[in-house]
Amino acid sequence: MSSLNQALRAALDARQQLLSELHAQGTDCYRLFHGSQEGAGGLTVDRYGPQLLVQSFHHTLERDALLDLHGHIERELGLPLLLVYNDRSQGNSRIDRRDPVYQPSEAALADLVGHEWGLNYRVRGRHAGQDPLLFLDLRNARGWVKQHSAGKRVLNLFAYTCGVGLSAAAGGASAVCNLDFAEGNLAVGRENGALNPQLAPMEFIQSDYFPAIRQLAGLPVSQRRGHKLPAYPRLEPREFDLVLLDPPAWAKSAFGTVDLLRDYQSLLKPALLSTAEGGVLICCNNLAKVGLDDWREQVLRCAQKIGRPVREWQVLKPADDFPSLDGQPPLKCLILQL
Ligand SMILES: C[S@@+](CC[C@H](N)C(=O)[O-])C[C@H]1O[C@@H](n2cnc3c(N)ncnc32)[C@H](O)[C@@H]1O
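The protein is annotated in an unreviewed UniProt entry as Class I SAM-dependent methyltransferase of Pseudomonas qingdaonensis.

Here the focus is the packing of helix H10 (residues 265-273) against helix H11 (residues 292-305). Put simply, H10 and H11 touch, their axes get as near as 10 Å, and they point 50 degrees apart. Comparing their axes, H11 and H10 come out oblique. Taken as a pair, H10 and H11 cross one another with a handedness that is right-handed. Here Gln-265, Leu-268, Lys-269 and Leu-272 of H10 lie close against H11, whose contacting residues are Gln-298, Val-299, Cys-302 and Ala-303. Among the residues making up the contact of H10 with H11, the classes are represented as five nonpolar, two polar and one charged.

Proteins that are soluble and globular tend to have nonpolar side chains buried together. Core analysis: the biggest nonpolar cluster contains 37 residues, and Tyr-48, Leu-138, Trp-144, Leu-242, Ile-282 and Cys-333 have the highest contact counts within it. For this core, the secondary structure elements donating two or more residues are strand E6 (119-123), helix H6 (139-148), helix H7 (163-170), strand E10 (240-245), strand E13 (275-285) and strand E15 (332-337). No other element matches H7, which puts four residues into this core. The contact partners of Tyr-48, leaving out residues within four places of it in the chain, are Asp-28, Cys-29, Leu-53, Val-123, Pro-132, Leu-134 and Leu-136.

As a further point, take the pattern of salt bridges. Throughout the structure, instances matching the rule amount to 17 salt bridges. Where Arg-153 meets Asp-241, a salt bridge forms, and the shortest distance between an N and an O atom there is 2.8 Å. Here Asp-241 lies in strand E10 and Arg-153 lies in strand E7 (residues 153-157), a separation of 88 residues in the sequence. Since its relative accessible area comes to 32%, Arg-153 is described here as partly exposed. The closest approach of N and O atoms between Arg-296 and Glu-297, which form a salt bridge, is 3.7 Å. According to the relative accessible area criterion, Arg-296 is buried, its value standing at 13%. Through salt bridges with shared partners, a single ionic network connects Asp-111, Arg-122, Arg-124 and Glu-191.

Think of a ball as big as a water molecule: rolled over the atoms, this probe shows where empty space is left. Using the criterion set out here, one finds three cavities of 30 Å³ or more in the structure. Estimated volume of the largest cavity: approximately 100 Å³. Contributing to the lining of the largest cavity are 17 residues, with Leu-53, Arg-124, Gly-125, Pro-132 and Leu-133 lying nearest its centre. Secondary-structure elements contributing two or more residues to the lining of the largest cavity are strand E3 (51-56) and E6. At three residues, E3 tops the list of elements feeding residues into the lining of the largest cavity. For the lining of the largest cavity, the residue count by class is seven nonpolar, seven polar and three charged. Taken as a whole, the second largest cavity spans an internal volume of roughly 50 Å³. Together, Thr-60, Tyr-85, Asp-87, Asp-96, Asp-99, Pro-100, Val-101 and Tyr-102 line the second largest cavity. A per-class count over the lining of the second largest cavity returns four nonpolar, one polar and three charged.

Okay, the site of the ligand next. Near the ligand lie 15 residues; those nearest to it are Phe-158, Asp-180, Asn-185, Tyr-209 and Asp-246. In this structure, Asp-208 approaches the ligand through a side-chain N or O atom, which is 3.3 Å from a nitrogen atom. Separating a nitrogen atom of the ligand from a backbone N or O atom of Tyr-209 is a distance of 2.8 Å. Protein burial of the ligand: of its 600 Å² of free accessible surface, 91% is covered by the chains. Its residues assigned to classes, the shell around the ligand comprises ten nonpolar, two polar and three charged.

Now for the environment of Asp-246. Secondary-structure assignment places Asp-246 in the loop between E10 and strand E11 (250-253). Placed 87 residues apart in sequence, Asp-246 and Cys-333 show a C-alpha to C-alpha distance of 8.6 Å. Among all residues touching Asp-246, those that are not within four sequence positions of it are Leu-138, Leu-157, Phe-158, Cys-284 and Leu-331.

On to the packing of aromatic side chains. Applying the stated rule across the entire model yields five aromatic pairs. For the ring pair Tyr-232 and Phe-255, a centre distance of 5.9 Å and an interplane angle of 85 degrees mean the geometry is edge-to-face. Highlighted residues: Tyr-232 in the loop between helix H9 (209-216) and E10 and Phe-255 in the loop between E11 and strand E12 (256-259), separated in sequence by 23 residues. Across from the ring centre of Phe-204, 4.7 Å away, lies the NZ or CZ of Arg-190, which sits over that ring. Of note, Arg-234 hangs over the ring of Tyr-232, and the distance from its end group to the ring centre comes to 4.2 Å.

The rules behind each value
- Here the residue index of a chain counts from 1 through its sequence in written order.
- The predicted nature of this model means local features are confined to residues of pLDDT at least 70 and side-chain atom pairs, given and counted, to a pLDDT of 80 or more, with totals for whole chains, interfaces and linings taken over all residues.
- No hydrogens and no water enter the side-chain calculation; it runs on all heavy atoms of the structure.
- Throughout, an axis means a line fitted to C-alpha atoms (over the contacting stretch in the case of helices), and angles, computed between N-to-C directions, take values from 0 to 180 degrees.
- Runs of H or I in DSSP of at least four residues are treated as helices and runs of E of at least two as strands, each being numbered from the N terminus.
- Any angle from 65 to 115 degrees is called roughly perpendicular, while one under 35 is roughly parallel, one over 145 is roughly antiparallel, and all others are oblique.
- Crossing handedness is read from the near helix: turned anticlockwise from the far helix by less than a right angle, it gives a left-handed crossing, and turned clockwise, a right-handed one.
- In this description, contact between two residues means that some pair of their heavy atoms is separated by no more than 4.5 Å.
- Three classes are used: nonpolar for Ala, Val, Leu, Ile, Met, Phe, Trp, Tyr, Cys and Pro, charged for Asp, Glu, Lys and Arg, and polar for all others, with Gly counted as polar.
- Definition used in this section: a nonpolar core is a set of buried Ala, Val, Leu, Ile, Met, Phe, Trp, Tyr and Cys residues joined via side-chain atoms within 4.5 Å.
- With a 1.4 Å probe rolled over the protein chains alone, any residue whose accessible area is under 20% of its type maximum counts as buried; one over 50% counts as exposed, and the rest are partly exposed.
- Salt bridge, as used here, is a side-chain nitrogen of Lys or Arg placed within 4 Å of a carboxyl oxygen of Asp or Glu.
- Two kinds of site are reported from a 1 Å grid over the protein atoms alone, namely cavities, where a 1.4 Å probe fits but cannot get out, and pockets, open sets with protein on both sides within 12 Å along at least five of seven lines, and residues are called lining when an atom falls within 4 Å of a point.
- Grid points are joined across faces, edges and corners, and a volume is the space filled by probe spheres set on the points.
- Only a single heavy atom is needed: when it lies within 4 Å of a molecule or strand, its residue is near that molecule or strand.
- Here a polar contact means two N or O atoms within 3.5 Å. Within protein one must be a hydrogen donor candidate and the other an acceptor candidate, and residues neighboring in sequence count only if both atoms are side-chain atoms.
- Using a 1.4 Å probe, the Shrake-Rupley method yields the accessible areas, and only the shown protein chains count as cover for residues.
- Any two of the Phe, Tyr and Trp rings considered here, Trp counted by its six-membered ring, make a pair once their centres fall within 6.5 Å; the pair's planes then place it as stacked at under 30 degrees, edge-to-face at over 60, or tilted in between.
- Whether a charge lies above a ring is judged from NZ of Lys or CZ of Arg, which has to be within 6 Å of the ring centre and within 35 degrees of the ring normal.

Structural data, given as structure tokens:
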């Protein structure tokens, strides 16, 4: 047996209990192989409902190894899965769309539906962006939001495809507002809403984070000297009972820089100010090189400094389909009770 097959076998064995729990809770989207921690760095294998998504980030997988892996998983799970192989080892994590190793079938690339916590999510093996439409390591945070949002006004910042917003709507939130600057991502959020017609409609704000959150928090939107700001949607100040802040590691726009290593505070401050007294802010940092303890201290200090001290905090870890050998998963989530 190849070393990859051995590693895969161990990964599937370790997940037996978790997979039955996930299936019982209405989830069929999960990571089956987390290569960096399970013996094949740069390789991930995810199930998204009817689809099996294999991604390689360091080296291209050979065709035989890919087909072996697919067959192995279908046998272990006892179901057919539509294979998509996204080789992202070429640079900038871009998918090699020439598909020299494996051509996914039309059915595998069609619009599909996956499930998580009993909700329907759009699944697409290929789309304009590089990443899958649902980040699986945030599942526990979505579950927490679903359990704690009854009657709450919820703000989902850097909403991407609005999974957190959808979870809040499913949990009985009184209002859900999703904010992101990418229309394409919000469009998938709208599709996700339409795939769950029993839920109350959500609100979508397409805007850069900085002007939007500053207006919601009642702060002025200032321009740097000599730099005229592009147009941005005008918003009234508003408070929320539950806010989720899950930004990308780094992004630059005309309004500011998202930089989770050097400047978490400028994202955090206005998010804290738009959270109501007694409310909850869930903040995340997915940069592996930022340690949980240091980052948590920074977050607590920042809250204290701006007069919104944290009464209680809790760490929310990704589930066991994202094992971490050193107990320090890249995605860190803090639940702050204000
Ligand atoms: C890593 S995803 C966030 C994941 C998301 N929280 C979730 O629940 O899956 C990053 C998102 O941030 C958005 N984004 C990046 N910079 C932004 C900015 N300056 N203002 C608004 N959205 C931004 C991107 O469009 C993308 O949807």
